[in-house]
Amino acid sequence: MKDRPLEVSGLTKVYRKSLGMKSFTAVSSISFNLNPGEIMGFLGPNGAGKTTTIKCMLGLLKPSGGSVSLWGLRPASSRVRSRIGYVPENPDYEDSFTPMEFLAMFASMRGLDAGKPGMNALLDRVGLNGWGTTRIRNFSKGMRQRLSLALALQSKPDMLIMDEPTGGLDPIARKEFRDIILEERARGASIFLSSHLLSEVETVCDRAVILFRGRNVREGSLVDLLTREDSYLVSHIPPGGAAGAMIEETVSGPALQARIDSIRAAGNSIIEVRQDIRSLEEVFLSATGGNP
Amino acid sequence: MMRTVFTFAGMTLRSLLRRRTIYGISIVIMLALFGIGQIPSFGVEGESTFILDFGLFGLELGALLLAIGLASNIYPRDREQKTAMPLLAVPLSRGQYLIGRFLGAALVQAAALLVSCIGLMLILVIHGHAVPGDLIPATALLIIEGWFLLAVVFFFSFWTSPPLNAPMTLLLFIVSQMSVVQFVSLYPQAPGLMRTLRLILPHMDVFRIKDPIAHGMGIPDVYFLLAGLYGLAYMAFMLSVALAVFRTRDLK
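All values reported here derive from a predicted model rather than from experimental measurement. (Residues numbered from 1 in each chain as written. Chains lettered and ligands numbered in written order. Predicted model: local features only at pLDDT ≥ 70, side-chain atom pairs only at ≥ 80, totals over all residues. Heavy atoms only, no water.)

So, about the pairing of strand 7 (residues 190-194) of chain A. A regular strand places its side chains so that they alternate between the two faces of the sheet. Residue and element names in this part refer to chain A. When you tally the buried positions in strand 7, you get five out of five residues, the bulk of the element. Here strand 7 shows a buried face lined by Ser190, Phe192 and Ser194 and a second buried face lined by Ile191 and Leu193. Sheet topology places strand 3 (residues 39-43) next to strand 7; four bridges connect them, and they run parallel. By the bridge assignment, Ile39 is partnered in strand 7 with Ile191. (Buried < 20%, exposed > 50% of the residue type's maximum accessible area, 1.4 Å probe, protein only. Helix = DSSP H or I, 4+ residues; strand = E, 2+ residues; numbered from the N terminus. Pairing = 2+ DSSP bridges.)

Structure, rendered in structure tokens:
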């Protein structure tokens, strides 16, 4: 589909064996889509194949099987590259340059007008105000992350692909990054966010894909993923009991009516019956073979 | 398209100029010129012949060393330090990356060879000798030879490591200077195969013009033109092969 920013279908990436090393399947037959204006979380433990998938999406790696298309085009197409912004994991740039030099060169390579006020505003937006003429070799990991965000935002991309963008950041900077992600979505951009930070994904994402050992083990809207199917929380208090005496219990769908009847028969007052919602951490752990 | 390439070439140029490599190159040029400048103190006959002979040999060797020194580590460094990822992921295609990097390095190499040529001219003038008219076109030819070697180094850098790149380039440089007879003598059991192979391999002996210049023999302009075109065509061929290899590479 031409209007869909990203379509991954049956993507497989096998690193071929060389010099006695065994071949290794990093990603195996994964499929998912990113819809316009959506923020998708891409989760998985270390070695799950997240960065490999992203590199296939960017045309840096050639898929061994399946396909990746962005707006119906192949990833290496120049029309695609002009529409995306990429924030790499642990970004590294030629450290003899300054952020202003980098922004000017990236703008020129992208055919954009690189005015100094615009570049200053961009640096200000990502929290690098006053650092524009400092050589990158003097930057911390977090500052390099901020610079990579500035470079990604420079072209006002239709899609942002972010690989662990907040890995090296402190909580305040993480909040600033989140705010920028939400601003970009409000502008109309689609965002693909790979992250280890489940709370971050839970806060900003509309949908999530969970990858485990190169396979797509869960995918869906966050509401669907977090809602425990056929499981309810029933809150009730015994007769004459104070609010502090409230009892909360989990009841499966088929047993719900019988349990409500028995609670009432015991003279308890039912306060609330609601669907059981799990945390993303619980979903993640159950999908990846951990607990619960 | 070209604006992107030229911007990236400018970035490569700046990056190379900021690296310490450039200081090393400058020191080697200075030392070589100083050494050549000492030739008259030996009181040899045919002083200008010696100066030109050593000088042009130095320029050719410089072209080779500059190609290896400048280019063998560009792509491996970009890959190891992951500086290539943000560039190749978004603003640059692989072709633009290769051409941009090549142009940046080629400019530095050409500038270094030109400075060396000017130094050689100054030595000749200081010692009261005439500067041969063919020295400038000869230097231009050596610059083209240097660019060809640069393309070879880029080609090797996409599928081998820097420590292997240098000996492989050197081997190609030596082999490409050989005559057909010399080349066939390497493996006389298959003369037909060796002759064909020699035909395909580059003929860099066409750039070896120091002897006629040093001995004051005139070189026709058409020779410079044809040798230059041959060098540029082979350079373009090597860059195309390098790009074909690069396009198959995964950037892990």
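Our next topic: the packing of helix 3 (residues 99-109) of chain A against helix 5 (residues 141-153) of chain A. Residue and element names in this part refer to chain A. Put simply, helix 3 and helix 5 touch, their axes get as near as 10 Å, and they point 25° apart. The angle between helix 3 and helix 5 places the two elements in the roughly parallel class. Handedness of the helix 3/helix 5 crossing: right-handed. The residues of helix 5 that touch helix 3, namely those facing Pro99, Phe102, Leu103 and Phe106, are Leu147, Ala150 and Leu151. Split into classes, the residues belonging to the contact of helix 3 with helix 5 amount to seven nonpolar, no polar and no charged. (Axes fitted to C-alpha atoms, helices over the stretch in contact; angles between N-to-C directions. Parallel < 35°, antiparallel > 145°, perpendicular 65-115°, else oblique. Left-handed = near helix turned anticlockwise from the far one by under 90°. Contact = heavy atoms within 4.5 Å. Nonpolar A, V, L, I, M, F, W, Y, C, P; charged D, E, K, R; others polar.)

Right, let's get into the side chain of Glu94(A). Along the chain, the position of Glu94(A) falls in the loop between strand 5 (84-87) and helix 3. Apart from the residues lying within four places of it in its own chain, the contact partners of Glu94(A) are Phe102(A), Ile136(A), Met11(B), Ser15(B), Arg19(B), Arg77(B), Asp78(B), Thr83(B) and Arg101(B).

Moving on, we get to helix 1 (residues 50-57) of chain A. Counted residue by residue, helix 1 of chain A has seven buried out of eight residues, so it is predominantly covered. Lys50(A), Thr52(A), Thr53(A), Ile54(A), Lys55(A), Cys56(A) and Met57(A) are the residues of helix 1 of chain A that are buried.

Residues and elements named next belong to chain A. In this structure, Leu6, Phe32, Ile161 and Phe192 are the most contacted members of the largest nonpolar core, which totals 160 residues. Excluding residues within four positions of it along the chain, Ile161 makes contact with Ile54, Met57, Leu58, Ile84, Gly85, Tyr86, Val87 and Phe192. Within the second largest apolar cluster, five residues are counted, among which are Val234, Val251, Leu256 and Ile263. (Core = buried A, V, L, I, M, F, W, Y, C linked by side-chain atoms within 4.5 Å.)

Turning to the sheet that holds strand 10 (residues 227-237) of chain A, a few remarks are in order. All names here are of chain A. The sheet built from three strands is open, its strands ordered 11-10-12 with antiparallel pairing. Strand pairing shows two members of the sheet lacking a second neighbour, strand 11 (247-252) and strand 12 (269-277), which therefore form its edges. In this sheet, adjacent strand axes meet at a mean angle of 25° when their direction is disregarded. Note: strand 10 against strand 11, six bridges, orientation antiparallel. From the neighbouring strand, Val234 faces strand 11, where its bridge partner is Glu249.

Another point: the packing of aromatic side chains. Within the structure shown, the criterion is met by 22 aromatic pairs over all chains. With a centroid separation of 5.4 Å and an interplanar angle of 40°, the aromatic rings of Phe155(B) and Phe156(B) are classed as tilted. Summarising the burial analysis for this pair, Phe155(B) and Phe156(B) share the class buried. What links up through ring pairs into an aromatic cluster is the set Phe8(B), Tyr75(B), Tyr97(B), Phe158(B) and Phe246(B). Between the NZ or CZ atom of Arg83(A) and the centre of the ring of Trp71(A), over which it lies, the distance is 4.0 Å. (Phe/Tyr/Trp six-rings, centres within 6.5 Å; stacked < 30°, edge-to-face > 60°. Lys NZ or Arg CZ within 6 Å of the ring centre and 35° of its normal.)

All names here are of chain A. Pairing in this open sheet of six strands is mixed, and the strands run 5-6-7-3-8-9 from one edge to the other. In this open sheet, the two edge strands, each paired with only one partner strand, are strand 5 and strand 9 (215-221). Adjacent strand axes in the sheet meet at a mean angle of 15°, parallel and antiparallel pairs treated alike. Where strand 3 lies against strand 8 (residues 207-212), four bridges are found, and the strand directions are parallel. Among the inter-strand pairings, Leu43 is bridged to a residue of strand 8, identified as Ile210.

Across the boundary between the two partners, chain A contributes 27 residues, which contact 32 residues of chain B. Of all residues in chain A, the largest losses of buried area upon contact with chain B belong to Leu60(A), Arg81(A) and Met109(A), amounting jointly to 27% of the total for that side. If you look at where chain A meets chain B, you find four salt bridges. Among the salt bridges present, the one from Glu94(A) reaches Arg101(B), with a minimum N-O distance of 2.9 Å. Here chain A is connected to chain B by 14 residue pairs in polar contact (both at pLDDT 80 or more). At the level of elements, strand 1 (6-15), strand 5 and helix 3 of chain A are the ones that each hand at least two residues to the side of chain A that touches chain B. In terms of residue count, helix 3 of chain A provides more of the side of chain A that touches chain B than any other element does, six residues in total. When the residues that make up the side of chain A that touches chain B are grouped by side-chain class, the tally is 14 nonpolar, four polar and nine charged. (Buried area = accessible area lost by both parts, 1.4 Å probe. Salt bridge = Lys/Arg side-chain N within 4 Å of Asp/Glu carboxyl O. Polar contact = N/O pair within 3.5 Å; in protein donor to acceptor, adjacent residues only side chain to side chain.)

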